[in-house]
Amino acid sequence: MKKSVGVVTLGCDKNRVDTERMLYRLRLGGFDITNDYESAQVLIVNTCAFIEAARKEAIDVILAAAQYKTRGCEKLIVTGCLPAKHADELREALPEVDCLLGTEDYDRICDVIASLYGENDRIPCQAKALERIVTTPPHYAYLKIADGCDNRCTFCTIPSIRGAYRSYAIEKLTAEAQALAENGAKELILVAQDVTKYGVDLYGSPRLVELLRRLSETDIHTLRLLYCYPEQVTDELIEEIARNEKIADYIDVPIQHVADGVLKRMNRRSTGAQIRTLFAKLRAHNIAVRTTVMVGFPQETEEDYNELYRFIEQYAPEHVGVFAYSKEDGTPSARLKGHLPQKIKKARADGIGLLHYKNREAYNKAMVGKTLRVIYEDIDYDKNMFAGRSDFDAPDIDTKVYFTADFVEAGEYYTVKITGYNGYDLIGEKVS
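Thresholds applied
Residues numbered from 1 in each chain as written. Predicted model: local features only at pLDDT ≥ 70, side-chain atom pairs only at ≥ 80, totals over all residues. Heavy atoms only, no water. Helix = DSSP H or I, 4+ residues; strand = E, 2+ residues; numbered from the N terminus. Rg over C-alpha atoms; globule rule 2.2 N^0.38 Å. Buried < 20%, exposed > 50% of the residue type's maximum accessible area, 1.4 Å probe, protein only. Contact = heavy atoms within 4.5 Å. Areas by Shrake-Rupley, 256 points an atom, 1.4 Å probe, with all protein chains shown as cover. Lys, Arg positive; Asp, Glu negative; His and termini not counted. Charge placed at Lys NZ, Arg CZ, Asp CG, Glu CD. Pairing = 2+ DSSP bridges. Axes fitted to C-alpha atoms, helices over the stretch in contact; angles between N-to-C directions. Core = buried A, V, L, I, M, F, W, Y, C linked by side-chain atoms within 4.5 Å. Salt bridge = Lys/Arg side-chain N within 4 Å of Asp/Glu carboxyl O. Arc of directions from axis to C-beta. Left-handed = near helix turned anticlockwise from the far one by under 90°.

*Asks:* How do you make sense of the overall build of the chain when you look at a structure like this?
*Replies:* Along its length, the chain carries 13 helices and 18 strands. The C-alpha radius of gyration of the chain comes to 22 Å, within 12% of the 22 Å expected for a compact globule of 432 residues. In terms of overall dimensions, the chain has C-alpha extents of about 65 × 60 × 50 Å along its principal axes. Burial status across the chain gives 54% buried among its 432 residues. Intrachain contacts of the chain at a sequence separation of at least 6 include 73% that bridge at least 24 residues. Counting every atom, the chain has about 19,200 Å² of accessible surface; 48% of that belongs to carbon and sulfur. When the 57 basic and 66 acidic side-chain charges of the chain are each reduced to a single mean position, those positions are 3 Å apart.

Pasting the structure below:
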């Protein structure tokens, strides 16, 4: 059976890796992969369902994809977190969808498509667990080191969708990293629901530092850490980031809050004091920080919010994502009393966002006259400048460095002198 397949990916970079593995299986199965949805005979929408906004986006995209069934698309498949959580409702609400597959079903994709066409005697498209078709630009890739989560934050649905925490073996990850390097990847971004818990299930204790050291022996130039829970960011890990030249001086630590009462209701394992101690250590080692905070959690008082505000003001993380609490059915936090009006949640999120903007302006002002190592990634024709990232920025979610140069090659590193800034982003010029 020869069918063309198009895939739409929604959600986080962990979802992207799942799509990449699914694409690899499809290619092994003899399917043609296309980015032209008009010509695709099979459309797959790989969904996110973490919060209400993600679910709404997924439904909108599924409905848009269903329109292609009037123009040549023969089968529509929905995969990922949304079917894993809401399969029964989706079957009733979306009759246009031919098949629903959860997060544990990606490796069945070839057989599922064959069965939709009435073919059951086909060659299996077996693949090694970590092989995939990379969809990022050639110079970087995501390395998913584990799946699932055991943390049980009271606001989060991930454990019920993705299951228990499951690490991939160090040997398989290092082999994948080397293969990615040989395909041109210079930077690997380590992701999981909780990167710092890596290895607990396989080896009986956290092994992230050991994994980083093993990955550093490959031909990858730069390693970057996302999604590190604060209670597991140990002194050993901080020292490894600071001393290991292959690890970017950067870490993503989603703290969510610093008020002890809020942290306790969230079932977070850190206290405000421990988070402050951690951020002081990261600052002392000159490690750039990305964090995520949540405002408007049930029973969050004005005093709680002000404590968080003062923390962001004092420690000024280089990158801050702020979210208003979303009530998710089936989570323990949904049953709490004291849910706040949307108006208050929005005002508090806007307040943190404005504070971060001011912090970022101060940071950018201090960077003028300094030089940064920047990897060139794109051209901004409106600005008539090249665009790239410093070691202190992750792709897609962080700020950019716009710079002038006579000639650059995509995926190469350049020294850029910062001459100014525009909002969140830096502006500079390439120097020898």
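The discussion continues.
*Asks:* I'm lost on the sheet that holds strand E9 (residues 187–191) in this one. Help?
*Replies:* Working definition: the strands of a sheet are paired by backbone hydrogen bonds and lie parallel or antiparallel to each other. Ordered by their spatial adjacency, 6 strands build an open sheet running E6-E9-E10-E11-E12-E13, and the pairing between neighbours is parallel. A strand with exactly one partner marks an edge of an open sheet, and here the two such strands are strand E6 (140–144) and strand E13 (319–324). Each adjacent strand pair in this sheet contributes to an overall mean axis angle of 15°, direction not counted. Of the strand pairs in this sheet, E9 and strand E10 (residues 222–225) are connected by 4 bridges, and their pairing is parallel. Opposite Ile189, over in E10, you have Arg224 as the bridge partner. Each of E6 and E9 is contacted by helix H6 (residues 170–182), which is oriented at about 170° to E6, the strand it contacts most.

*Asks:* What is the right way to read the nonpolar core from this model?
*Replies:* Soluble globular proteins tend to pack their nonpolar side chains together in the buried interior. Ile145, Leu190, Leu208, Leu211, Leu225 and Ile251 are the most contacted members of the largest nonpolar core, which totals 53 residues. In this structure Leu211 touches Ile145, Ile170, Leu173, Leu190 and Tyr198, once residues within four positions along its chain are discounted. Formed by 23 residues, the second largest nonpolar core is a distinct cluster that contains Val8, Ala65, Leu82 and Ile161.

*Asks:* Explanation requested: the side chain of Arg268 in the structure shown.
*Replies:* Inspection of the secondary structure puts Arg268 in the loop between helix H10 (260–265) and helix H11 (272–284). Of the buried charged residues, Arg268 lacks a salt bridge, with Glu231 as the closest side chain of opposite charge at 5.5 Å.

*Asks:* So what exactly am I meant to see when it comes to unusual backbone geometry here?
*Replies:* Most peptide bonds adopt trans geometry, and most residues besides glycine take a negative phi value. The backbone of Arg152 sits at a positive phi, close to 60°, despite the residue not being glycine. Take Arg152: it is sitting in the loop between strand E7 (146–147) and helix H5 (158–162). In this structure, Tyr227 takes a positive phi of about 60° despite not being glycine. Looking at the secondary structure, you find Tyr227 in the loop between E10 and helix H9 (235–243).

*Asks:* Quick question: what am I supposed to make of the pattern of salt bridges here?
*Replies:* Pairing is possible between side chains that carry opposite charge, provided their charged atoms lie close to one another. The final tally for this structure, using the stated rule, is 34 salt bridges. For Glu74, the salt bridge is made with Lys3, and the minimal N-O distance between the two is 3.1 Å. With Glu74 in the loop between helix H2 (52–66) and strand E4 (75–80) and Lys3 in the segment before strand E1 (4–9), the pair connects residues that are 71 residues apart, well separated along the chain. The class for Glu74 is partly exposed, based on a relative accessible area of 32%.

*Asks:* Please clarify how H9 should be interpreted in this entry.
*Replies:* Residues separated by three or four positions in an α-helix point in the same direction, a consequence of the helix having 3.6 residues per turn. Listed in full, the buried residues belonging to H9 are Leu237, Ile238, Glu240 and Ile241. Axial view of H9: buried residues confined to an arc of 160°, hence all on one face. Residues of H9 that are buried sit in contact with helix H8 (208–216), E10, strand E11 (247–252) and H11.

*Asks:* Before we go on, may I ask you to explain the packing of H2 against helix H3 (residues 81–93) in this structure?
*Replies:* The geometry of a pair of packed helices is captured by two quantities: the angle between their axes and the separation between those axes. At a closest axis distance of 13 Å, the pairing of H2 and H3 adopts a crossing angle of 60°. As H2 runs across H3, the sense of the crossing is right-handed. In this structure, H2 uses Arg55, Ala58, Ile59 and Ile62 to contact H3, whose residues at the interface are Leu82, Lys85, His86 and Leu90.

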